[in-house]
Amino acid sequence: MSRSAAMLIMGVFTLYFLTPIWWLLTTSTKTGSEITSTAPLWFTADSAGTFLTNLGRLFAYGDGLFGRWLLNSALYAGVGALIGTVIAAMCGYALAKYEFRGREAIFNIVLSGVLVPATALALPLFLIFSRVELTNTMWAVFLPSLVSPFGVYLARIYAAASVPGELLEAARLDGSGEIRTFFTVSTRLMAPALVTIFLFQFVAIWNNFFLPLIMLRDQALFPVTLGLYAWNSQISQIPELRSLVIVGALVSILPLIIAFLALQRFWSSGLGAGSVK
Amino acid sequence: MISALALSGCSAGGDSTEAGAEAAPCEASEGPVTLNFTTWVPGMDKVVELWNAENPDIQVQVQTGPNGNSGTYQNFFNQIQAGNAPDLGQIEYDALPNLRVQDGLENIAACEGVADAQDQFVDWTWGQVTFGEEGSVYAVPQDSGPMAMYYRADLFEAAGIEVPTTWEEYAAAAEQIKAQGSYITNFPKQDVNWFAGMVWQNGGQWFANDGENWDVNLTSPESEEVATYWQDLLSKDLVSTLPSFSDEWNASFNEGQQWTWVSAVWGATTLSDGAPDTAGKWAVAPMPQWEDGGEAAGNWGGSSTAVLKGSDHPAEAAKFALWLNTDPEALALANELGGIYPAAKSATDLEAFAGGVDYYGGQKIYEVFADASSNVDPNFTWGPTMTQTYTDVSDGFGAAIGGSGTLMDALETGQQKTIDSLKSQSIPVAE
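All figures in this text were calculated on a predicted structure; none of them were measured in a lab. (Residues numbered from 1 in each chain as written. Chains lettered and ligands numbered in written order. Predicted model: local features only at pLDDT ≥ 70, side-chain atom pairs only at ≥ 80, totals over all residues. Heavy atoms only, no water.)

S.K.: Summarise the overall build of chain B; cite the residues concerned and give the values.
M.R.: When helices and strands are tallied, chain B shows 16 helices and 10 strands. Relative to the compact-globule value of 22 Å for 431 residues, chain B shows a C-alpha radius of gyration of 22 Å, a close match. In terms of overall dimensions, chain B has C-alpha extents of about 75 × 50 × 35 Å along its principal axes. Evaluated residue by residue, chain B yields a buried proportion of 55% over its 431 residues. Excluding contacts between residues fewer than 6 apart, the proportion of contacts in chain B whose partners are at least 24 apart in sequence is 76%. Split by element, the accessible area of chain B, about 17300 Å² in all, is 46% carbon and sulfur. Charge-centre separation for chain B: the mean point of 13 positive side chains lies 6 Å from the mean point of 61 negative side chains. (Helix = DSSP H or I, 4+ residues; strand = E, 2+ residues; numbered from the N terminus. Rg over C-alpha atoms; globule rule 2.2 N^0.38 Å. Buried < 20%, exposed > 50% of the residue type's maximum accessible area, 1.4 Å probe, protein only. Contact = heavy atoms within 4.5 Å. Areas by Shrake-Rupley, 256 points an atom, 1.4 Å probe, with all protein chains shown as cover. Lys, Arg positive; Asp, Glu negative; His and termini not counted. Charge placed at Lys NZ, Arg CZ, Asp CG, Glu CD.)

Printed below as a string of C-alpha cells:
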C-alpha cells in the first residue's frame, strides 16, 4: 500500500474519531436554544462568552454538585489507580521473580480474571457489600477498583523481561531486604510498565459507570460519569440541563487527556524498550 | 450487626406473610425516625427541607438518582433483594405493577389517613395505586400527565385550516399541511407509552388483572383502531418520524416544521425550551376525538410515592408521602423546581397553574389539562413487564417505519412476547 493511501485511511479515521469531540467542543459554546438552531459543527458569534457562562452555570448548579463529582472521580481514579498499580506490580513481580508452589496456577487464575467483565461482577458485589453495610459509601466503589488482573499480567511479563535476576542477587549480597529491593531497584526498572498500568487503571475507573450506578445512592458520592448520566435522564423534566450535560461531558474528559499527555513520555519509551528486547 | 440484620429480616418477613391480601397493621414507631426517600425529581431535597423543619421526629433523607427506567427501578429490585431498600421510592404508574408482582411494595391502606385521602386525588390516579382493589393502597399518587393538543395557532389561521377536533379532521388537516410542505406532527416510535396514551383515550385496555391471572390485550379493537389510524398517516408520509426529544426533533418544532404535538401537560416546558423561536404562536386544545363531541383524554406519564418492602416505619413513611403530595406549599415548590403537575385535585388552586402562559399566547393552558385530567378513563391498567413490552413494541414500530410490517404487526409481536415474558417469570396469564 502506498504511503499516500495509508495517510488517507489514517486521515479518514482521525476525522471519524475526532468529529464527536469537535462537536462536543462547539456545542459547549452554545446556549440551550442555539444547540438546535445553529450549525452543529461550528461556533456562534459569541462562543467564548457563552462558553464561560455555561461553565459558570455548570459549577454553580445544584450547590456545586459538579465540582464535587469531579473531585470524587479524581479520588476514585487517582488513588484507586495508584494503589491498584502498586498491588498489581507487587503481585506481578512476585510471580515473575520468586519460585513457589502453585505459581502458575495463581497466575492462570488471575489471568482468567481479565476475561470477566466488570459489569458481570457488579451485582454480586452489591449483594456482598450490602451484607457488610458498605453500599452507598465511597468504599463500595473504591475497593473493587483496586483490582487489576491485566495489571498483574503486564507487571509479570515486564518484570521477567526487565529486572535481571543477577541484579537482585547483587542487592541481596549488599544486604538489601526484599521489600527495599522491590521499591528502590525493581520499580525503577519497571517504571514504563507501571505507568501503563496506572493509565489503564485510571481510565477504567474514571469511565466506570455501572458499579457506581448500582452501589451509590447519595449524589454527593457520585463520580462524574454517573452524575452526568443522572442529569441526562432528567432532561425531559429540566430542559436547561441539556447544555450543562454537554459542557460537563467536555470538562469530564479533560483530566483523561491531561493524564495521557503528561504520562505519554514514560509510556511510549516503555513500549519502545519492550520491542527492542 | 449480625443480630440487627437478623432482626430486621425477621420483622419484614413476619409482616409480609401474615398480611396476605389484607393490609398489614400500620402502627407508628416509637421515638424519632429517619426515612430514606429515593427520587429523581430535581429539587425534591428542597421540598423535603420544608418537612424536616416541621417534623423533627420524622426526618427524611433524599437520595437522587437517574430516572426510573434508567437504573433506579433495577436498583430498587437489587436493594429489596439485599434487604436494604429505601423506605420510600418514586415509581411511575406503569412500573408499579412490576414492583408489586415482585413483592416490592408495602400495602399502606391501613396506615393513618391513607384510605381517607382518596378524595384528594384525581380519580384515575387513585385507581393506579390501588389496582382497583378494596383494602389496597400501594403508593400515593404524585403527578400525572393528562394529554391535550399543542398546536400552532398562527399557522392554522394563516393557512385557513380549521383546528381539528376529531381524529378524522386531524387526518384531513395532515394532508393540507403536507401540501404546504410541513408535517402535522411527529410519530414517536420509541415512546410506546405515548401510543398507550392514545389507546387509553380510545377506551382500550392493554392489560387486565382479575386477581389471579393477567389478561394481555395489546391487539384489542380499540388498540387496532389507533394503530391503523397512525399506520395510514405514516404510509402516506403525512407525519415525520424523528427520534423524539432529540436535537433534530427540537429543531423541526423550532423551525415550524411541526404544526401540532399531542402530548402531556409536562410537554409545555419541553416545547417552550426546545422551540424558543416560536414563542407566543402556540395554543392548547383538547385531544382530537374518535367520536364527534367526545371528551375523552389519554394520559402520558406520571408517578407515585411508594413505601417499599422492608421499611421499618411504614406509618411514618405513609404520613410523609401524603404530606408530600397534598400539602399546598410542597406541591407549589415541587412544581416550581421539578416541573411536577400534581395528581392532587387541589393542584388547580396553585398559582403556577392559574394564570395565562406567555409562550402559549397568554392562554390559560392548565385549564385545558385540568379538564383533560378529569376525562381520563380511571380503569386503565399497566402490566407487570412494561419495560420489556415497550422495547418489543418499539422495535416493531421502528421496523414498520422502515417499511417492513405495520404498527399492528408490532402490537401482535409485542402481545406474544409479553405473554412469553410473563410466563417465563411464572406470572399467571389468562388465554
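Having put the structure on the table, let's press on.
S.K.: Can you lay out the sheet that holds strand β9 (residues 282-285) of chain B for me, pointing to particular residues and giving the numbers?
M.R.: All names here are of chain B. The three strands lie next to each other as β8-β5-β9, forming an open sheet whose pairing is antiparallel. The open sheet is flanked by β8 (260-264) and β9, the only strands paired with a single partner. Each strand axis lies, on average, 30° off the axis of its neighbour in the sheet, ignoring direction. Pairing geometry for strand β5 (residues 147-152) and β8, over five bridges, is antiparallel. Bridge pairing in β8 links Tyr150 to Trp261. (Pairing = 2+ DSSP bridges. Axes fitted to C-alpha atoms, helices over the stretch in contact; angles between N-to-C directions.)

S.K.: Outline helix α2 (residues 44-54) of chain B, supporting the account with residue identities and numerical values.
M.R.: Residues and elements named next belong to chain B. Along α2, the residues classified as buried are Met44, Val47, Val48, Trp51 and Asn52. An end-on view of α2 places all buried positions within 145° of arc, on one side of the element. What points out from α2, more than 90 degrees from its buried face, is the exposed set Ala53 and Glu54. Contact partners of the buried residues in α2: β1 (33-39), β2 (58-64), α12 (314-326) and α13 (328-338). (Arc of directions from axis to C-beta.)

S.K.: Can you explain the pattern of salt bridges? Please cite residues and give values.
M.R.: For the structure on display, the rule yields 13 salt bridges over all chains. Across the salt bridge formed by B:Asp247 and A:Arg242, the nearest N and O atoms sit 2.8 Å from each other. Of this pair, B:Asp247 sits in helix α10 (residues 247-254) while A:Arg242 sits in helix α13 (residues 241-276), on two different chains. Of the residues examined, A:Arg242 reaches a relative accessible area of 18% and is grouped as buried. With a shortest N-O distance of 3.5 Å, B:Lys309 and B:Asp103 are connected by a salt bridge. (Salt bridge = Lys/Arg side-chain N within 4 Å of Asp/Glu carboxyl O.)

S.K.: Explain the interface of chain A and chain B to me, using residue names and the numbers behind them.
M.R.: With 29 residues of chain A in contact, the opposing surface of chain B contributes 29 residues. Contact with chain B buries area across many residues of chain A, yet A:Thr36, A:Arg217 and A:Gln237 alone supply 23% of it, more than any other trio. Where chain A meets chain B, there are two salt bridges. Remark: the boundary between chain A and chain B carries nine residue pairs in polar contact (both at pLDDT 80 or more). If you list the elements that add at least two residues to the side of chain A that touches chain B, you get α2 (32-37), α5 (118-131), α11 (210-215) and α12 (224-232) of chain A. A per-element tally of the side of chain A that touches chain B places α5(A) first, with five residues. (Buried area = accessible area lost by both parts, 1.4 Å probe. Polar contact = N/O pair within 3.5 Å; in protein donor to acceptor, adjacent residues only side chain to side chain.)

From the geometry alone we can't say anything about function, so treat these as descriptive.
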